[in-house]
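Chain residues, written in single-letter form:
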Amino acid sequence: MEGSLPSCISAFGNITSLIIAGSDLSGTLPAALWNLTTLELLYLNNNLLEGTIPPQLSNLLNLQQLHLYENFFEGPILDYLDYTSRLQEISLCGNEFNGTIPNLSSFGRLTLLDLRANEFSGSIPSWLADATILSILHLDGNYFTGSIPSWILDLSSLTQLYLNTNSFDGQFPDVTILNSPLEILTADSNQLTGTIPSSISNLALLQILSLSYNDISGSIPASIMALTSLTTLDLEKNEITGNLPDLSALTKLITLYLGGNHFTGDIPTSFCSLQALQDLSLAVNNVTGPLPTCFSTFQYLHSLELQGNLMSGSIPTEICQLPALYTINLSDNFFSGTIPNEIGALPLSLLHLATNNFTGSLPESIGSLTSLFRLTINDNSLSGQLPDTWKKEQNNLIEIYAGGNFFTGTLPTSISFLTSLQFLYLDNNDLQGTIPSEYGLLSEMRELKLCQNNFTGPIPQEIGNLKNLKILHLHDNHITGTIPESFGELLLLQDLSLYFTNIGGTIPPSLSSLLSLAILDLDGTYVYGDTSKFLNLQFCYFSDTCVDCSAVPANCHCVDSEPKSPAVCSCVSSGSCYIDTVCYGPGIPPPSRDCTRGCFPGSNAFLWSDVCDSVKPDEPKVTFGIQLAYSECKTTLPPTFGTQFSQDIAVALGISSDHVYVNSITLRLDSSCNLDRRDITLILTEVQVNYTIICEDFSTEEIIQLMETQVEDENSLLYQGNVTQDIDSDSLLIVEVVEGSSTSSTSSTVAPSFGLLLSLVMFLYFVW
């Protein structure tokens, strides 16, 4: 039934019940309704009715049950309601009634008064003290103030009392009645102070006690052990102190929430008696010690929330045998050890292990958690390869937070199976390789953070398929190429961060059509282009780029300190002729070395090396940095190292290897490197240059013995401690390109088409 209540309703005559619930009735109540004087039951709940309750309601002298809940009625309840003294049930919840509660003292038969979720105010009326057969009282979700009167806990028939979500203050009252029938008492989300009275034990039949979100202090009284019928004890978000209490007598407890207080000490062994527990929260306290192994006997446990404490130790593998456990939250503690592989056997939907000291790898069994909704393992010391065992069946997985660890290797392509994924944070790790194009299948992605890693290669065009993407952070990587034109399709994008990458080229004009884009950070890149049409940007960062902030709309807070030199920008904007850095790695084919910044005649490759970022061009001489791709100390260098070195450098510069001349070589050695002297001699033989030894933890005699070569002057050996603070690369080559003729009789002449002399200084620093 839809529409308004018809006026012809009075034609029904002597009806005793009118029940039209959940029927989308709208409009106001017709005057004819109040002519049905024989009505005993009036149920108009869960509709769209509005307006006030008129005085004619007093005509319904036989009315026993009035249910108008979940509508849009408003205004005060006037005293005329008192005339309907036969009323036993009044339910007006979920409306917009306001004012104070009228005097309904004549309602001697009232058993249910439900006024929750309205806008009532004032204090609890004293006439309720005479409601001797009142069984259920809902005052929750209003604006009541004042203290809770002690007599309200003494009502002889009251079994359910709901006072939560108001503004009651003062101390929780003493309970003076013995053998109270009260079974449910909720007073959470108020402003109660003081301590929990020991007289709480008089509520012996209490099943639910909720006093959370108040300012209750002191310790939990020992008398609470008398409440043996309790199934729910919720004292979260108070100021309660002391050790966790002995609750061993409360064996019926299903829900125990003690989080957000100031409890100290270990979890007592008495908790092991709570075998009926389904939900346990001790979060955000000062609890110490390990996770009790006896928790593995809680066969009904659904949720275990211990985050924000001072707990330590490892995760007992026995916990992974609980058949109903769907939430584990151990974040922000000092847990250590590895994440047990057995965790994949749990029916988990939430797994929070962030900000601990966990080590080892993320177990491959994580791909077996087909009910997983959120995974947070960020800010630990996890390492190794991310598992590539994600499955299509994990279609509930929405969030993965794994940043701030030491994960290595490449991104697992199986993450692309997680088609419901919305948040993927893998930032601040040691991941490498390229960003898989398959990630363009993550159509629900909202936030993607792969920043602060070692990714290389271009950004896949397929990332432009992520139509729901709002935040994309790829900064602090070695990615190259240009900003994909497909980014113009990311209409919801708000924050794009590519700073300190090797990105270059023009800023795609299509980005200016992104009306939601508020933050654009391109610091330290080689981008250029027109930014005058970015009318919605609020913050843009173009330091050390070729973007002119003067062309950016005034509404954007543009930062362009230390822009690149005009020579660089002139080169970059023309798409040719400038090299700043080049990467080199023995045995790595030049096409794979996509880690360069700048450009050279005939090449549009953008070249980059972190170590050489501080090397500034000084016209007409230009300095190039070349990083040798040693990731660890090698025991044997490639036999063709010298020859391959010259050839690869020449290819990277786009010139003949005849024009590559090595002027001198400096070896940086660490005593932990097990380099054979023949390897080092091979380098010197291949390049035929002068050399200097810079070493750590080596004596002069050890160096001479190691080299077994002529050293005319021991002073030519330069000793230097802690070289890793001076150059944090594995090895480095600096190339100088100078206009003019040769400065060395042993160098080859540069071809006339280049008119350049190449001299190279190579630093090799081998790190264990």
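All of these numbers come straight from a predicted model, not from anything done at the bench.

**So, the overall build of the protein**
In step 1: What the protein contains, in helices and strands, is four helices and 54 strands.
In step 2: Taken over 768 residues, the protein has a buried fraction of 53%.
In step 3: A separation of at least 24 residues holds for 49% of the contacts in the protein among residues at least 6 apart in sequence.

**Focus: the pattern of salt bridges**
In step 1: On inspection of all chains with the given rule, the structure shows four salt bridges.
In step 2: The salt bridge partner of arginine 116 is aspartate 114, with a shortest N-O separation of 3.0 Å.
In step 3: A relative accessible area of 31% places arginine 116 in the partly exposed class.

**Comments concerning the environment of serine 10**
In step 1: Position of serine 10 relative to the elements: it lies in the segment before strand S1 (17-19).
In step 2: Residue class for serine 10 comes out partly exposed when judged on its relative accessible area of 33%.
In step 3: Separated by 26 residues in the primary sequence, serine 10 and leucine 36 have C-alpha atoms spaced 6.1 Å apart.

**Quick notes on unusual backbone geometry**
The general pattern is negative phi for most residues beyond glycine and trans for most peptide bonds.
In step 1: Look at aspartate 379: it is not a glycine, yet its phi comes out positive at around 60 degrees.
In step 2: Inspection of the secondary structure assignment puts aspartate 379 in the loop between strand S31 (374-376) and strand S32 (383-385).
In step 3: For aspartate 379, a relative accessible area of 38% puts it in the partly exposed group.
In step 4: Although it is not a glycine, aspartate 476 adopts a positive phi angle of roughly 55 degrees.
In step 5: Relative to the assigned elements, aspartate 476 resides in the loop between strand S39 (471-473) and strand S40 (478-480).
In step 6: Using a relative accessible area of 28% as the deciding quantity, one classes aspartate 476 as partly exposed.

**Concerning the state of the cysteines**
In step 1: Within this structure, the stated rule accounts for one disulfide.
In step 2: In this model cysteine 272 forms its disulfide with cysteine 294; the gap between the sulfur atoms is 2.0 Å. Torsion about the S-S bond of the cysteine 272 and cysteine 294 cystine: about -75 degrees, corresponding to left-handed handedness. Taken together, the positions of cysteine 272 in the loop between strand S22 (262-266) and strand S23 (279-281) and cysteine 294 in the loop between strand S24 (286-289) and strand S25 (303-305) put the pair 22 residues apart, joining distant regions of the chain.

**With respect to the environment of aspartate 130**
In step 1: Its place among the elements puts aspartate 130 in the loop between strand S10 (119-122) and strand S11 (136-138).
In step 2: Separated by 21 residues in the primary sequence, aspartate 130 and tryptophan 151 place their C-alpha atoms 9.9 Å from one another.

**A few points about the sheet that holds strand S12 (residues 143-147)**
In step 1: Taken in spatial order, the eight strands of this open sheet run S2-S4-S6-S8-S10-S12-S14-S16, and their pairing is parallel. Edge positions in the open sheet fall to strand S2 (26-27) and strand S16 (191-193), since each of these has one partner strand only.

**Description of the packing of aromatic side chains**
In step 1: Scanning the model with the defined rule gives six aromatic pairs in all.
In step 2: With 6.3 Å between their ring centres and 15 degrees between their planes, phenylalanine 73 and phenylalanine 97 make a pair best called stacked. In this pair, phenylalanine 73 sits in strand S6 (residues 72-75) while phenylalanine 97 sits in strand S8 (residues 96-99), placing the two residues 24 residues apart along the sequence.
In step 3: With a relative accessible area of 0%, phenylalanine 97 lands in the buried category.
In step 4: Where tyrosine 401 meets tyrosine 425, the ring centres are 4.8 Å apart and the plane angle is 70 degrees; that geometry is what we call edge-to-face. Of this pair, tyrosine 401 sits in strand S33 (residues 399-401) while tyrosine 425 sits in strand S35 (residues 423-425), and the two are 24 residues apart along the sequence.
In step 5: Members of the aromatic cluster, joined through ring pairs, are Phe73, Phe97 and Phe120.

Reading the values: rules and limits
Residues numbered from 1 in each chain as written. Predicted model: local features only at pLDDT ≥ 70, side-chain atom pairs only at ≥ 80, totals over all residues. Heavy atoms only, no water. Helix = DSSP H or I, 4+ residues; strand = E, 2+ residues; numbered from the N terminus. Buried < 20%, exposed > 50% of the residue type's maximum accessible area, 1.4 Å probe, protein only. Contact = heavy atoms within 4.5 Å. Salt bridge = Lys/Arg side-chain N within 4 Å of Asp/Glu carboxyl O. Disulfide = S-S within 2.5 Å. Pairing = 2+ DSSP bridges. Phe/Tyr/Trp six-rings, centres within 6.5 Å; stacked < 30°, edge-to-face > 60°.

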